[in-house]
Amino acid sequence: METEWAGFSLVEATVKALRLMYETPDSPDWFVFLSESDYPIKTAKQILDDLASSPYDAYIRHEQIKYETYKYDVRPSILWQKNSYERYCTKSFSFHYSKKYSAQVNLEICLEHPLLTKYFLPFSKKLLCFSGSQWFCANRKAAEYIIDFHSKRNALTLHYSKLRYADESYFQTILANASHLKLKNDNWRYIDWSGGSATHPKTLLMKDIPNLITSSAHFARKFDIDIDSNILDELDIITF
């Protein structure tokens, strides 16, 4: 399936992959959502043992996105939460007016407060908005719930289908609102944001090996063989 960066097609492709895995008799106990820039930093045995003994249904980064944080919290560290609120919890209306002998007028109105947006968005006290890293892993129970939820094409799915960066909130919102699922606010992923940008983490190099070895994460990202392929060779030795 062809996908577009930051588009809802990423969500659709993920759910399609889950269907292929879990609508068969020999479906796996767990799945791990990876990208081409990810690489294991633990042995396959340790990863399988950790998952088999896990008391959780999913490992996924998820934080509730609140109006109070968006409007009144000035800490730079929660900028991503503010961005998430703008992406998923506001409603904009655009008006275009032009007349033959007058200039065109373009007007946009953005609703932010929950008392105003509740008429246009699917969120409520019973269905909260969550956001976090798109990389996660989950068991069969969580996977089947995602598949079933998505297939019903409810108001939440329709809402996210019109948004950018839905993959950073859609699955988080579904799973975090499921009272029968137990989540761990972790994705077992090593990501270093210290040397990257606001949207792209640092590319890992050989000098990062000590941090990778001591990390509890199963996988790390991002790697680039054109920048440093030696680190992958070293990880192959460590995780063999």
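For the structure given in this document, a descriptive report is provided here. (Residues numbered from 1 in each chain as written. Predicted model: local features only at pLDDT ≥ 70, side-chain atom pairs only at ≥ 80, totals over all residues. Heavy atoms only, no water.)

## Section: the nonpolar core
To keep it simple, the criterion reads: Side-chain atoms within 4.5 Å are what join buried Ala, Val, Leu, Ile, Met, Phe, Trp, Tyr and Cys residues into a set we call a nonpolar core. Using a 1.4 Å probe on the protein chains alone, a residue whose accessible area is under 20% of its type maximum counts as buried, one over 50% counts as exposed, and one in between counts as partly exposed. Counting from the N terminus, the helices are the DSSP runs of H or I reaching at least four residues and the strands are the DSSP runs of E reaching at least two. Only heavy atoms matter for contacts: two residues are in contact if any of them lie within 4.5 Å across the pair.
Ranked by size, the top nonpolar core spans 35 residues in total, and within it Phe 136, Tyr 160, Phe 171 and Leu 175 carry the most contacts. Those elements that place two or more of their residues in this core are α1 (9-22), α3 (67-72), α4 (79-88), α6 (140-151), α7 (155-160) and α8 (170-176). Apart from the residues lying within four places of it in its own chain, the contact partners of Phe 136 are Phe 31, Val 32, Phe 33, Tyr 59, Ile 60, Ile 146, Phe 171, Leu 175, Asn 187 and Arg 189. Formed by 11 residues, the second largest nonpolar core is a distinct cluster that contains Ile 41, Ala 217, Ile 231 and Leu 235.

## What to know about the packing of α1 against α6
Inclusion rule: Between the N-to-C directions of two axes lies an angle of 0 to 180 degrees, each axis being a line fitted to C-alpha atoms and, for a helix, fitted only over the stretch in contact. Roughly parallel covers angles under 35 degrees, roughly antiparallel covers those over 145, roughly perpendicular covers 65 to 115, and oblique covers all other angles. Left-handed is the label given to a crossing in which the near helix is rotated counterclockwise from the far helix by less than a right angle, and right-handed is the label when the rotation is clockwise. Throughout this entry, Asp, Glu, Lys and Arg are counted as charged residues, while Ala, Val, Leu, Ile, Met, Phe, Trp, Tyr, Cys and Pro are counted as nonpolar. The remaining residues, Gly among them, count as polar.
Two elements in contact, α1 and α6, have axes separated by 10 Å at closest approach and are oriented at 125°. In terms of their interaxial angle, α1 and α6 are classed as oblique. When you trace α1 past α6, the crossing you get is left-handed. Residue-level inspection shows Val 11, Glu 12, Val 15, Leu 18, Arg 19 and Tyr 22 of α1 in contact with α6, the latter providing Arg 140, Ala 143, Ile 146, Ile 147, His 150 and Ser 151. Looking at the contact of α1 with α6 residue by residue, the classes come out as seven nonpolar, two polar and three charged.

## A closer look at the sheet that holds strand β11 (residues 219-221)
Filter applied, for reference: Strand pairing follows a simple DSSP-based rule, namely that at least 2 bridges must link the two strands.
Taking strand neighbours across the sheet as the criterion, the three strands line up as β2-β11-β10 in an open arrangement whose pairing is mixed. The two strands at the open ends of the sheet, each matched to only one other strand, are β2 (39-40) and β10 (189-191). With three bridges connecting them, β10 and β11 associate as parallel partners. When the bridges of β11 are listed, Tyr 190 appears paired with Ala 220.

## Overview of the sheet that holds strand β9 (residues 183-184)
Sheets are built from strands paired through backbone hydrogen bonds, the pairs being either parallel or antiparallel. Across the sheet, which stays open at both edges, the four strands sit in the order β1-β8-β3-β9 with mixed pairing between neighbours. If you trace the sheet from one side to the other, it starts and ends with β1 (30-32) and β9, each paired once. With three bridges joining them, β1 and strand β8 (residues 137-139) adopt antiparallel strand pairing. When the sheet's bridge partners are listed, Trp 30 is paired in β8 with Asn 139. Its contacts with the sheet place α1 against β1 and β8, and it is angled at close to 150° to β1. Packed on one face of the sheet, α6 meets β1 and β8 and runs near 95° to β8.

## Observations regarding the pattern of salt bridges
Selection criterion: Salt-bridge detection follows one rule: a side-chain nitrogen of Lys or Arg within 4 Å of a carboxyl oxygen of Asp or Glu.
Scanning the entire structure with this criterion turns up 13 salt bridges. Two residues, Lys 45 and Asp 49, come together in a salt bridge whose shortest N-O distance is 2.7 Å. Here Asp 49 and Lys 45 lie together in helix α2 (residues 44-52), a separation of four residues that amounts to about one turn. Judged by its relative accessible area of 58%, Lys 45 is exposed. Classification of Asp 49 by relative accessible area gives partly exposed; the value is 37%. Note that Lys 152 is salt-bridged to Asp 148, the shortest N-O span being 3.2 Å. Each of Asp 38, Arg 189 and Arg 221 takes part in a single network of salt bridges with overlapping partners.

## Here we look at the packing of aromatic side chains
Our working rule: What counts as a ring pair is set by centres within 6.5 Å for rings of Phe, Tyr and Trp (its six-membered ring), and what kind of pair is set by the plane angle: stacked under 30 degrees, edge-to-face over 60, tilted for all other angles.
The final tally for this structure, using the stated rule, is 21 aromatic pairs. Ring centres 5.7 Å apart and planes at 90° place the aromatic pair Trp 5 and Tyr 165 in the edge-to-face group. Of this pair, Trp 5 sits in the segment before α1 while Tyr 165 sits in the loop between α7 and α8, and the two are 160 residues apart along the sequence. With a relative accessible area of 24%, Tyr 165 lands in the partly exposed category. The interplanar angle of 20° and the centroid separation of 4.0 Å between the aromatic rings of Tyr 59 and Trp 188 together place this pair among those described as stacked. A residue pair is termed long-range when its members are at least 10 positions apart, and Tyr 59 in strand β3 (residues 58-59) and Trp 188 in the loop between β9 and β10 qualify at 129 residues. In this pair, the class of Tyr 59 matches that of Trp 188, namely buried. Here a set of aromatic residues connected by ring pairs shows up, and it is made of Phe 8, Tyr 22, Phe 31, Phe 33, Tyr 88, Phe 123, Trp 135, Phe 136, Tyr 160, Tyr 170 and Phe 171.

## Description of unusual backbone geometry
Here the amide bond leading from Arg 221 into Lys 222 is cis, since omega sits at 10°, within 30 degrees of zero. Tracing the backbone through its elements, the reader meets Lys 222 in the loop between β11 and α10 (230-238). Of note in this structure, Trp 188 is not a glycine but carries a positive phi near 55°. Overall, Trp 188 belongs to the buried group, its relative accessible area being 11%.

That is the geometry; function is a separate question.
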